[in-house]
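Structural features, examined
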Amino acid sequence: NVLISDYQQAIQIDNKGMTSPNGSTGAYIFNNTIQSVQLLSNTVQDLSRPFVELDTATANMKTLGTEAAAMAPKLRDAAIAMSQDLPFAASEIQTTMFDALASGVKGGEEGLKVFADTAGKLATGGGAAIGDATKLLAGQLNAYGAASDQASKYADIFFNTVNFGV
């Protein structure tokens with residue numbers, strides 16, 4: 001509404017047609033129209049960006065094989081639900097599950113959900129990015145041959161280490 005009212009104030013309508021306050025016609029209207037279209041386009045891009053990023057993360061997961069492709073839509077829905085409780089976008093959570101699966105974390109669909117939830121909480125509590133928490137947890141699980149259901153055990157160890165100042 002602000003853009004439209006500004007546009008209406010800037011254009012004077014008289015019997016001769018539309019003119020700018022200084023009397024020019026075509027270029028003024030053309031430039032205002034171009035600016036309005038650019039603003040609208042940028043707004044649509046900004047609003048759609050999270051959805052595009054989530055779709056990209058889901059498509060990436062599907063590249064990891066038939067099992068991952070079958071899990072991808074369910075994990076996408078889980079990422080959307082988790083984003084309501086964690087301070088991360090659904091695309092970041094979906095990427096966490098992709099990274100965990102790609103790095104060899106075991107546990108299936110439910111295990112990846114637990115892993116992502118734990119990584120999100122570890123990142124939040126530690127003031128870190130979820131990607132960093134994912135790398136830390138996945139590295140430890142893989143180093144010790146543990147499955148994703150052990151992620152919270154390792155996260156607790158990291159928290160306690162920090163609490164003791166080591």
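Now for a look at the structure at hand. (Residues numbered from 1 in each chain as written. Predicted model: local features only at pLDDT ≥ 70, side-chain atom pairs only at ≥ 80, totals over all residues. Heavy atoms only, no water.)

This paragraph deals with the overall build of the protein chain. Counting its regular elements, the protein chain contains seven helices and two strands. From first element to last, N terminus to C terminus, the protein chain shows the α and β order α-β-β-α-α-α-α-α-α. With 166 residues in all, the protein chain has 30% of them scored as buried. For the protein chain, the computed accessible surface area is about 10,200 Å², with 57% contributed by carbon and sulfur atoms. (Helix = DSSP H or I, 4+ residues; strand = E, 2+ residues; numbered from the N terminus. Buried < 20%, exposed > 50% of the residue type's maximum accessible area, 1.4 Å probe, protein only. Areas by Shrake-Rupley, 256 points an atom, 1.4 Å probe, with all protein chains shown as cover.)

With that out of the way, let us pick up the pattern of salt bridges. By the definition in use, this model includes five salt bridges. Here K113 makes a salt bridge to E109, at a shortest N to O gap of 3.5 Å. Pair noted here: K113 and E109 are both in helix α5 (residues 108-126), with a separation of four residues, about one helical turn. Each of E109, E110 and K113 takes part in a single network of salt bridges with overlapping partners. (Salt bridge = Lys/Arg side-chain N within 4 Å of Asp/Glu carboxyl O.)

With that settled, consider helix α6 (residues 130-143). Under the 1.5 Å per step criterion, the end-to-end length of α6 is 20 Å for 14 residues, consistent within 8% with the ideal 20 Å. Those residues of α6 that sit buried are I130, A133, T134, L137, A138 and L141. Buried residues of α6, seen end-on, are gathered within an arc of 120° and therefore sit on one face of the element. Those residues of α6 that are exposed and aimed more than 90 degrees away from the buried face are K135 and A143. Buried residues belonging to α6 abut α4 (90-102), α5 and α7 (151-163). Directly after α6, the chain includes G145, whose backbone phi takes a positive value near 65°. (Expected span 1.5 Å × (residues − 1). Arc of directions from axis to C-beta. Contact = heavy atoms within 4.5 Å.)

Right, let's get into the packing of α6 against α7. At a minimum axis separation of 10 Å, α6 and α7 run at an interaxial angle of 115°. Classified by the angle their axes make, α6 and α7 are roughly perpendicular. Two packed elements cross with a definite hand, and for α6 against α7 that hand is right-handed. Where α6 abuts α7, its residues L136, L137, Q140 and L141 lie against A151, Y154, A155 and F158. Residue classes in the contact of α6 with α7 are distributed as seven nonpolar, one polar and no charged. (Axes fitted to C-alpha atoms, helices over the stretch in contact; angles between N-to-C directions. Parallel < 35°, antiparallel > 145°, perpendicular 65-115°, else oblique. Left-handed = near helix turned anticlockwise from the far one by under 90°. Nonpolar A, V, L, I, M, F, W, Y, C, P; charged D, E, K, R; others polar.)

Right, let's get into the side chain of Q94. Here Q94 shows up in helix α4. Residue class for Q94 comes out buried when judged on its relative accessible area of 0%. A polar atom in the side chain of Q94 sits 3.2 Å from the side chain of T58. (Polar contact = N/O pair within 3.5 Å; in protein donor to acceptor, adjacent residues only side chain to side chain.)

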